[in-house]
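Here are the chains, one letter per residue:
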Amino acid sequence: MLATRVLRAAQGPKANITGFNMRAFKEATGQPRYDPWERHEAWRYTGPFTRWNRFRSTLPGLGTGSAAFAVYLGYEYMFADDAHHGHGEGHGEEHH
C-alpha cells in the first residue's frame, strides 16, 4: 500500500464541506411504489437483450477461432517436420 493511503486511513473519514449526506438521501428516497414506465422498459432486460446475450455477442467468432487454432497447433505438434523450425545441429554444414 502506498504511504499516502496509509496516512489518509489514519486520519479517519474525510470531512464533507457541503453537508450533503448521500447515504441519508438514498435511504430517504426508497423505492417508488409504482413506476409508470416499468412496462415500457421491460424489453431492455428480456430476450436478446439480457446481460448474457449481450456478453455472448460481444466477440462472435472468438470460440470458433480459438478451437480452430488449437486444432492447428495440435496438428503442427504431431505431424509437422521439425527441420524447418530452428537452427540446430549441422547448421554450418548445409545451406538452406
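Under the annotation held in an unreviewed UniProt entry, the chain carries the name NADH-ubiquinone oxidoreductase B12 subunit and is attributed to Stachybotrys chartarum. Per UniProt, the chain has the following entry under Sequence similarities (unreviewed entry): "Belongs to the complex I NDUFB3 subunit family." Recorded in UniProt under Subcellular location (unreviewed entry), the annotation for the chain is "Mitochondrion inner membrane".

Student: I tried to follow the overall build of the chain on my own but got confused; where do I start?
Tutor: Broken down by element type, the chain carries 5 helices and 0 strands. Going from the N terminus to the C terminus, the chain shows its helices and strands as α-α-α-α-α. Classification of the 96 residues of the chain by burial places 0% in the buried group. Surface exposure of the chain reaches about 10100 Å², of which carbon and sulfur atoms provide 60%.

Student: Teacher, can you tell me more about the pattern of salt bridges here?
Tutor: Side chains that carry opposite charge are capable of pairing whenever their charged atoms lie near each other. Going through the model one piece at a time under the given rule, you end up with 1 salt bridge. Arginine 44 serves as the salt-bridge partner of glutamate 41, at 2.6 Å between the closest nitrogen and oxygen. Its relative accessible area of 39% is what places arginine 44 among the partly exposed residues.

Student: Is there a simple way to explain the packing of aromatic side chains in this structure?
Tutor: What characterises a pair of aromatic rings is the spacing of the ring centres plus the angle enclosed by the ring planes. Inspection of the entire model under this criterion finds 5 aromatic pairs. Residues phenylalanine 20 and phenylalanine 25 carry aromatic rings whose centres are separated by 5.8 Å and whose planes lie at 45 degrees to one another, so their mutual orientation is tilted. Overall, phenylalanine 20 belongs to the partly exposed group, its relative accessible area being 47%. The exposure class of phenylalanine 25 is partly exposed, given its relative accessible area of 44%. Where tryptophan 43 meets phenylalanine 49, the ring centres are 5.4 Å apart and the plane angle is 85 degrees; that geometry is what we call edge-to-face.

Student: Looking at this structure, I do not really get helix H2 (residues 22–29). What am I missing?
Tutor: The α-helix advances 3.6 residues per turn, and as a result positions three or four apart in sequence lie on the same side. Buried residues are scarce in H2, accounting for 0 of its 8 residues. Capping the start of H2, asparagine 21 holds a side-chain oxygen 3.2 Å from the backbone nitrogen of arginine 23, two or three residues further along. One or two steps after H2, the chain reaches glycine 30, where phi turns positive at roughly 65 degrees.

Student: Please explain the confidence of the model for the chain as it appears in this structure.
Tutor: One rule of thumb: low pLDDT means the predicted coordinates there are not for detailed reading. Chain-level statistics for the chain give a pLDDT mean of 79 and a share of 81% at 70 or above. The element-level mean pLDDT for the chain is lowest in helix H1 (residues 3–11), coming to 72, with helix H5 (residues 62–79) highest at 95.

Student: Which parts of the structure should I look at to understand a nonpolar patch on the surface?
Tutor: Together, Tyr75, Tyr77, Met78 and Phe79 give the surface a local cluster of nonpolar side chains, amounting to about 600 Å² of exposed area. On the secondary structure map, tyrosine 77 appears in helix H5. With a relative accessible area of 70%, tyrosine 77 lands in the exposed category.

Cut-off values and rules
- Residues numbered from 1 in each chain as written.
- Predicted model: local features only at pLDDT ≥ 70, side-chain atom pairs only at ≥ 80, totals over all residues.
- Heavy atoms only, no water.
- UniProt positions renumbered as here; feature names shortened; annotations may be inferred.
- Helix = DSSP H or I, 4+ residues; strand = E, 2+ residues; numbered from the N terminus.
- Buried < 20%, exposed > 50% of the residue type's maximum accessible area, 1.4 Å probe, protein only.
- Areas by Shrake-Rupley, 256 points an atom, 1.4 Å probe, with all protein chains shown as cover.
- Salt bridge = Lys/Arg side-chain N within 4 Å of Asp/Glu carboxyl O.
- Phe/Tyr/Trp six-rings, centres within 6.5 Å; stacked < 30°, edge-to-face > 60°.
- Polar contact = N/O pair within 3.5 Å; in protein donor to acceptor, adjacent residues only side chain to side chain.
- pLDDT = per-residue confidence, 0-100.
- Patch = residues over 30% accessible without salt bridge, like charges linked within 9 Å, V, L, I, M, F, W, Y side chains within 5 Å.

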